[in-house]
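# Examination of the molecular architecture
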Amino acid sequence: GQLVESGGGLVHPGGSLRLSCAASGFPFSSYAMTWYRQAPGKERELVADITGSGGVTNYADSVKGRFTISRDNAKNTVYLQMNSLKPADTAVYYCHTLLLGYWGQGTQVTVSS
């Protein structure tokens, strides 16, 4: 299986970005998906997760109310909509399949004025 993230970039505080993660090589709709992030000098942390059907989502307290995880099983893609971005959101963002252990290569998000 393979995961490929895209959509990162440089954004001003208060701005928005939408990350995408395209999956291949496994039955995508059967697996929960997660987004993690890792800031420089910090451990990788769970940002959000979503069940295979998309019916249940969970968020880290630090992003609740600002980020939304979603998925399109017809396109084998999971998304992370990030609004009201803060400098503390600066990190490399990774998508991950918990049960299969697949990780993407990551996409850099930088929030700076």
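All of the points below concern the structure found in this document. Remember, it's a predicted structure, so these values are computed and weren't measured experimentally.

Applying the stated criterion to the full structure yields 4 salt bridges. The partner of Glu45 in a salt bridge is Arg37, and the shortest N-O contact between them spans 2.6 Å. On the accessibility criterion, Glu45 (33% relative accessible area) is partly exposed. Judged by its relative accessible area of 6%, Arg37 falls in the buried class. When the shortest N-O distance is used, the salt bridge between Arg37 and Asp89 registers 2.9 Å. Remark: Asp89 occurs in the loop between β8 (77-82) and β9 (91-97) and Arg37 occurs in strand β4 (residues 33-38); sequence separation between them is 52 residues.

As a further point, take the side chain of Thr77. Following the sequence through the fold, Thr77 ends up in strand β8. On the accessibility criterion, Thr77 (9% relative accessible area) is buried. In this structure the side chain of Thr77 is engaged in a polar contact, spanning 2.8 Å, whose partner is the backbone oxygen of Lys75. In this structure, Thr77 is in contact with Ser20, Cys21, Ala22, Phe28, Arg71 and Asp72, ignoring residues within four places of it in sequence.

About the criteria used
Residues numbered from 1 in each chain as written. Predicted model: local features only at pLDDT ≥ 70, side-chain atom pairs only at ≥ 80, totals over all residues. Heavy atoms only, no water. Salt bridge = Lys/Arg side-chain N within 4 Å of Asp/Glu carboxyl O. Buried < 20%, exposed > 50% of the residue type's maximum accessible area, 1.4 Å probe, protein only. Helix = DSSP H or I, 4+ residues; strand = E, 2+ residues; numbered from the N terminus. Polar contact = N/O pair within 3.5 Å; in protein donor to acceptor, adjacent residues only side chain to side chain. Contact = heavy atoms within 4.5 Å.

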